[in-house]
Amino acid sequence: MTLHFNDETFRGDYTYFNSATAIRRFPFPFDRDSYMYSVNIEPHPGGPAGSPFEHAFDVDEHYVSEMRDRAITLKADPLRCQSLPHMELAGWDLLELIMTAKARDYPALFELHRAGDRWHWINRPLGIEQRFTFLDPATLPCGPMEYITRQAQGDFALLDARDGNLWMDAGMITSQADWSLDFDVGMNFFEWHAPVPKAGAMGVFHKALKFLNAVTQEQSYRRLNWTMTVNPRLDTSPETYPQWGPEKRTVTAENVGTRQFLRVELQTFWRLPRSNALAFPIRCYLANLEDLCTQPKWARRLHRVMRDLDPDLAEYKGFAVNRPLIVDYLAPFDDGAPTSPGI
Ligand code: HEM
């Protein structure tokens, strides 16, 4: 697939858009007409072709603009990227994982040449060429995690594995659904999940942690999570809430189709070889209601999910205020026909 990179913004004038191809390959997250939290983890083996699951790390038409948006966020707030001192080795592991995957999966865009620990990295879309010594931080312009995640779409948490738990000891977090790395850094799996309603009592987090502790280097896994965001904004952090929170109140019956976005996170899980840390990339996809409703089966299902969602989840996800407008917009697309399980 030849990629054309959109020139677009995720703030200010919000010129973000999805091509027809991007809409067709959007990772619609609902496999039935209702939604509740569950341990929805599955293997991430690659494929099908053209889907966002085809490659280890999906590179799409938003790549260059997303990286520009990340740089803007980091300039304003360097604490969106943090790595506790013991996590540097995990940062190198992550750099290796991403560089080898991108060079293998997108050879026209990325190249990696290795002669022992002398590495040569070429990133054509961003115009970067770097020769460096693997595991020698003095040969990169910044730490290894920061270096590679400034060139990879999505957020990245690096979890240290110790005492039977996972600890959020490093991360590059600039496109989060209203949570803060600066607040969560150093917390464990149960602590950073504490604000989530219902899931703890359902046993979701105990089961999920047990699963993640057993993940090996041989197989990566994935899950989808979702929320709703007004305007195509990547940086919906608590730190910048005064900039985007008030935008929720600007949605009307006339503009809800274009201003209300379904925000889907493709989350993957990778055991890292040297550090034994777990890498947790969180790739964000945005599509507005108008674009989603070009696919009749998505429109029908989204209407049912939004209409019937537990109010505690709508409140936690931050869209309770606009839920009636969303449901009213989607209702005419629902002809009442039965849907079959699966996406
Ligand atoms: C939400 C991190 C894995 C289920 C969250 C939040 C964070 C987070 C920071 C936001 C909490 C807040 O409101 O402050 C992570 C990390 C993971 C991980 C770093 C990797 C180890 C999982 C897994 C599950 C899960 C395996 C399995 C079910 C959830 C759910 C929510 C959540 C259900 C609420 C999301 C929503 O309603 O939008 N996670 N998580 N997480 N997480 Fe995780």
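Nothing here was measured: the structure is a model prediction, and the numbers come from that model.

A.B. asks: I'd like a description of empty space enclosed by the protein, backed by residues and values.
C.D. replies: In total, this model carries four cavities of 30 Å³ or more according to the counting rule given. Approximately 140 Å³ is the volume found for the largest cavity. Around the largest cavity sit 18 residues that line it, and Ala 56, Phe 57, Asp 58, Gln 153 and Arg 283 are the ones nearest its centre. Tallying contributions element by element places strand E10 (residues 278-288) first for the lining of the largest cavity, with four residues. Each residue belonging to the lining of the largest cavity can be placed in one class, and the counts come to nine nonpolar, five polar and four charged.

A.B. asks: Account for the site of the ligand, naming residues and giving values.
C.D. replies: Surrounding the ligand, one finds 25 residues, the nearest of these being Tyr 37, Trp 192, His 193, Tyr 316 and Lys 317. Tyr 37 is positioned such that a nitrogen or oxygen atom in its side chain is 2.5 Å from an oxygen atom of the ligand. Here a nitrogen atom of the ligand sits 2.8 Å away from a polar atom, N or O, in the side chain of His 193. Every element with two or more residues in the shell around the ligand is listed here: strand E7 (165-172), helix H6 (189-192), helix H7 (204-213), strand E8 (221-230) and helix H12 (311-317). It is H7 that provides the largest number of residues to the shell around the ligand, a total of four residues. Tallied by class, residues from the shell around the ligand come to 19 nonpolar, three polar and three charged.

A.B. asks: If you had to explain the side chain of Glu 96 to someone new, which residues and values would you point to?
C.D. replies: Note that Glu 96 resides in helix H3 (residues 88-105). Exposure remark for Glu 96: the relative accessible area of 17% places this residue in the buried category. A distance of 3.0 Å separates polar atoms of two side chains, one belonging to Glu 96 and the other to Arg 274.

What counts, and at which threshold
Here, residues in each chain are numbered from 1, in the same order as that chain's written sequence. For a predicted model such as this one, the threshold for reporting local features is a pLDDT of at least 70, and the threshold for listing and counting side-chain atom pairs is 80 or more; totals across whole chains, interfaces and linings nevertheless cover every residue. Only heavy atoms go into the side-chain values, all of them from the structure, while hydrogens and water stay out. For cavity detection a 1 Å grid was placed over the protein atoms alone, and a set of points counts as a cavity when a 1.4 Å probe fits there but cannot get out; an open set counts as a pocket when protein lies on both sides within 12 Å along at least five of seven lines, with lining residues being those that have an atom within 4 Å of a point. Grid points are joined across faces, edges and corners, and a volume is the space filled by probe spheres set on the points. Working definition: helices are DSSP H or I runs of at least four residues, strands are E runs of at least two. Numbering for both runs from the N terminus. When residues are sorted by character, Ala, Val, Leu, Ile, Met, Phe, Trp, Tyr, Cys and Pro go into the nonpolar class, Asp, Glu, Lys and Arg into the charged class, and all the rest, Gly among them, into the polar class. Nearness is judged by heavy atoms alone; a residue qualifies as near a molecule or strand once a single heavy atom is within 4 Å of it. We call two N or O atoms a polar contact when they sit within 3.5 Å, provided that within protein one can donate a hydrogen and the other can accept it, with sequence-adjacent residues counted only if both atoms are side-chain atoms. A 1.4 Å probe rolled over the protein chains alone gives each residue an accessible area, and that area as a share of the maximum for its type sets the label: buried under 20%, exposed over 50%, partly exposed in between.

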